[in-house]
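# Observations on chain architecture
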Amino acid sequence: MTVSTKVLWNGAISDSFIPSRGIRHDDPLSLYLFVLSMEWLAQAIQKEVDDGNWKPIRLVRNGPCLSHLFFADDLVLFTEASLDQLDVIQRVLKKFCYSSGHKFNHAKTHIFFSHNVDDTVFQDISEGFNYSRVDDLGRYLGVLLLHKRVTKKIYDYLIQKARDRLAGWKVKSLSFAGRIMLAKSVLNTLPTYAMQTSYLPKGVCEEIERLTRNFIWGHSDEKRGINLVSWDRICMPIEQGGLGVQRIVTQNEAFLMRLGYKLLTNEKQLWARVLRTKYKWGGVIPDLLARPGCSRRWDILRALLPDEILLSLPAVIPPRLTGGDDRPRWKLEKNHQFTIASAYNQHLGVSLDVDSDLWKTLSRYKGLPRVSYSDVKQWILTYLSDPEYFPINGKEWDLLFGLILWCLWTRRNKVIFDSGFIETASILQRGRRLCEEAFRAHVVMNGFTGSDSNGVLLI
């Protein structure tokens, strides 16, 4: 039978035509047809479940049944470990392959058994399916399926990813602003996908932060860079004078807060229903905390809440039946919708409502990243009074820092008061040259006087 087709083009129906060939693999319509065929498979599995042939699993008693999970061409099937279920699964899959023309990839198909399955049973099922048996499912949609206690070794691949990226970057050829941009856009985002559903070990987060910190300050195997500002200041938001580099641990906790918020607000989704049933979470408050007849919770609130809040409770208008059910709202955003940024700032202890207007203005400047320092005088005195503040320069750091400041001051005066002044050497080069001359003079003086090399040199 020949099929004729009409196309709706710019609001008008075209003349009918007969296609000369079928849909190819990369055709845009192939995706929609694949989704329709997978929907047929889902309906076939559900029919077997309704008829009592397919026995799904439950993660908890009285919990929702789990028979299958689909995402594009990735399938996960759940059933009881028995030979009867083997026949049911094979019958459904064979019918699906015959009707749709699809085939299963035997090399990528595996079977996983729970620990309480008898050895003879899973051996018979493995031979009947002719699929390989595994003790670890690895990843599904890029997320690790964990079967044991979480350790740092499990997430070592995130650290290796960061090291591989750093190996391809040349620190010497990148400016400080360029390193900041790469750290924020690449290194900070590498563990983002895993952090959305898992609580990463603290050692993994600290190692990624250490690699990021060393990259920003130009550390390498040949030399050690200078940490000009504390890491806490670097991780502050841009609106408060920091550079906006995110703390990995805090970012992970912000993602998990979003997961908890979704668990609270999306109670009809499958994963939420499974967790709510497993942990006896019925309404907004878990059943374990809101048992019928338990009046002690008001005593707990009375003991925890301040007096001004307790006095204001009687003034709150009670809910009305016509207003709908109560629902949680996120108070840190004006639209009361949860955001990762607000959760991150709240967990970091940063309130953007009290920001300095100066740093709000500077943060909008499209230039190099900058860091604020609240007390410039104390900052200068700290650098001048500690000769070993930075290990790269050793004991002459206070001298070099003071000379650079002196060069800045003299150049400023010449630019303002000498109209014919032309600077031929950079301030850093001049400061280093003066430091080397002073250091050589110091050595000569020590040679004649026999004084200790750790003595103070006044110039």
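### Some thoughts on the overall build of the protein chain
Scanning the protein chain from terminus to terminus reveals 17 helices and 8 strands. Counting only residues that meet the buried cut, the protein chain has 27% of its 459 residues in that class. A fraction of 53% describes how many contacts in the protein chain between residues 6 or more apart in sequence connect residues 24 or more apart. Summed over all atoms, the accessible surface of the protein chain reaches about 32400 Å², with 57% contributed by carbon and sulfur.

### A short note on the nonpolar core
If you look at the biggest cluster of nonpolar residues, it comprises 30 residues, and the most contacted ones within it are Tyr-155, Leu-158, Leu-187, Leu-200 and Ile-216. Counting residues per element, the ones that place at least two in this core are helix 4 (156-167), helix 5 (176-187), helix 6 (192-195), helix 7 (202-216), helix 8 (231-234) and helix 9 (248-265). Ranked by the residues each element gives to this core, the list is headed by helix 7, at 6 residues. Those residues within four positions of Tyr-155 in sequence are excluded, and the remaining contacts are Leu-144, Leu-146, Val-150, Ser-198, Leu-200, Pro-201 and Val-204. One finds Ala-44, Leu-93, Phe-96 and Ile-125 within the second-largest nonpolar core, a separate group that totals 19 residues.

### Observations regarding empty space enclosed by the protein
Here the idea is plain: a probe the size of a water molecule rolls over the atoms and shows the empty space left. As enumerated under the stated definition, the model contains 1 cavity of 30 Å³ or more in all. Forming the walls of the largest cavity are Gly-142, Val-143, Leu-144, Tyr-155, Tyr-157, Ala-194 and Ser-198. A breakdown of the residues in the lining of the largest cavity according to their chemical character gives 5 nonpolar, 2 polar and no charged.

### Side note on the pairing of strand 4 (residues 74-77)
Alignment of strand 3 (residues 68-71) against strand 4, held across 4 bridges, turns out to be antiparallel. Bridge pairing in strand 4 links Phe-70 to Leu-75. Counting the residues in the hairpin turn of strand 3 and strand 4 gives 2 residues, including Ala-72, whose phi is positive at 55°.

### Considering the packing of aromatic side chains
Throughout the structure, instances matching the rule amount to 7 aromatic pairs. When the centroid spacing of 5.2 Å and the interplanar angle of 45° are considered together, the rings of Trp-169 and Phe-215 count as tilted. Separated by 46 residues along the polypeptide, Trp-169 in the loop between helix 4 and helix 5 and Phe-215 in helix 7 bring together distant segments of the chain. Taken together, the aromatic side chains of Tyr-261, Trp-330 and Phe-338 make up a single cluster linked through ring pairs. Looking at Arg-213, its charged tip hangs above the ring of Trp-231, at a distance of 5.4 Å from the centre.

### Quick look at the packing of helix 9 against helix 13 (residues 340-348)
Remark: helix 9 packs on helix 13, axes separated minimally by 9 Å, with the N-to-C direction vectors making an angle of 125°. As the angle between them shows, helix 9 and helix 13 are arranged oblique. As helix 9 runs across helix 13, the sense of the crossing is right-handed. Counting all contacts with helix 9, which are made through Thr-250, Gln-251, Glu-253, Ala-254, Phe-255, Met-257 and Arg-258, the residues of helix 13 involved are Ile-340, Ala-343, Tyr-344, Gln-346, His-347 and Leu-348.

### Focus: the pattern of salt bridges
Oppositely charged side chains are able to pair whenever their charged atoms sit close together. According to the stated counting rule, one finds 6 salt bridges in the structure shown. A salt bridge links Arg-163 to Glu-207, with the shortest nitrogen-to-oxygen separation between them at 3.1 Å. Taken together, the residues Arg-163 in helix 4 and Glu-207 in helix 7 connect sequence positions 44 residues apart. Using a relative accessible area of 39% as the deciding quantity, one classes Arg-163 as partly exposed. Given the relative accessible area of 14%, Glu-207 is considered buried.

### Here we look at the packing of helix 9 against helix 10 (residues 270-278)
Packed helices, taken two at a time, are described by the angle between their axes plus the distance between the axes. Relative orientation of the contacting elements helix 9 and helix 10 amounts to 85°, with a least axis distance of 9 Å. The pairing of helix 9 with helix 10 is recorded here as roughly perpendicular in orientation. Where helix 9 abuts helix 10, its residues Leu-259, Lys-262, Leu-263 and Leu-264 lie against Trp-271, Ala-272, Leu-275 and Arg-276. Partitioned by chemical class, the residues of the contact of helix 9 with helix 10 number 6 nonpolar, no polar and 2 charged.

### A word on a nonpolar patch on the surface
A cluster of nonpolar side chains, contributed by Leu-29, Leu-31, Tyr-32, Leu-33 and Leu-36, occupies part of the molecular surface with about 580 Å² of accessible area. In this structure, Leu-33 sits in helix 1 (residues 28-50). Residue Leu-33 is classed as partly exposed on the basis of its relative accessible area, which comes to 44%.

### Quick look at helix 9
Here helix 9 spans 26 Å end to end across 18 residues, near enough to the 26 Å set by a 1.5 Å rise per residue. Where helix 9 is concerned, the buried positions are Ile-248, Thr-250, Gln-251, Asn-252, Glu-253, Ala-254, Phe-255, Tyr-261 and Leu-263. Residues of helix 9 that are buried make contact with helix 6, helix 7, helix 10 and helix 13.

### Quick word on unusual backbone geometry
For Asn-10, which is not a glycine, the phi torsion comes out positive at approximately 55°. Residue placement: Asn-10 occurs in the loop between strand 1 (8-9) and strand 2 (12-13).

### Details of helix 16 (residues 397-417)
For an α-helix, 3.6 residues make a turn, and residues three or four places apart therefore share a direction. Counted at 1.5 Å a residue, the expected span for helix 16 with its 21 residues is 30 Å, and the 30 Å between its end C-alpha atoms agrees. For helix 16, every residue scored as buried is listed here: Trp-397, Leu-399, Leu-400, Phe-401, Leu-403, Ile-404, Cys-407 and Thr-410.

### Concerning the environment of Ile-404
Considering the arrangement of structural elements, one finds Ile-404 in helix 16. Using a relative accessible area of 18% as the deciding quantity, one classes Ile-404 as buried. The spacing of Ile-404 and Arg-430 is 26 residues in sequence and 7.9 Å in space, taken between C-alpha atoms. In this structure Ile-404 touches Ile-427, Leu-428 and Gly-431, once residues within four positions along its chain are discounted.

### Regarding the side chain of Gln-251
Assignment of secondary structure puts Gln-251 in helix 9. In this view, Gln-251 contacts Asn-188, Thr-192, Met-195, Gln-246 and Tyr-344; residues no more than four positions away in its chain are not counted.

The rules behind each value
- Residues numbered from 1 in each chain as written.
- Predicted model: local features only at pLDDT ≥ 70, side-chain atom pairs only at ≥ 80, totals over all residues.
- Heavy atoms only, no water.
- Helix = DSSP H or I, 4+ residues; strand = E, 2+ residues; numbered from the N terminus.
- Buried < 20%, exposed > 50% of the residue type's maximum accessible area, 1.4 Å probe, protein only.
- Contact = heavy atoms within 4.5 Å.
- Areas by Shrake-Rupley, 256 points an atom, 1.4 Å probe, with all protein chains shown as cover.
- Core = buried A, V, L, I, M, F, W, Y, C linked by side-chain atoms within 4.5 Å.
- 1 Å grid on protein atoms, 1.4 Å probe; cavity = no way out; pocket = protein on both sides within 12 Å on 5 of 7 lines; lining within 4 Å.
- Points joined across faces, edges and corners; volume = space filled by probe spheres on them.
- Nonpolar A, V, L, I, M, F, W, Y, C, P; charged D, E, K, R; others polar.
- Pairing = 2+ DSSP bridges.
- Phe/Tyr/Trp six-rings, centres within 6.5 Å; stacked < 30°, edge-to-face > 60°.
- Lys NZ or Arg CZ within 6 Å of the ring centre and 35° of its normal.
- Axes fitted to C-alpha atoms, helices over the stretch in contact; angles between N-to-C directions.
- Parallel < 35°, antiparallel > 145°, perpendicular 65-115°, else oblique.
- Left-handed = near helix turned anticlockwise from the far one by under 90°.
- Salt bridge = Lys/Arg side-chain N within 4 Å of Asp/Glu carboxyl O.
- Patch = residues over 30% accessible without salt bridge, like charges linked within 9 Å, V, L, I, M, F, W, Y side chains within 5 Å.
- Expected span 1.5 Å × (residues − 1).

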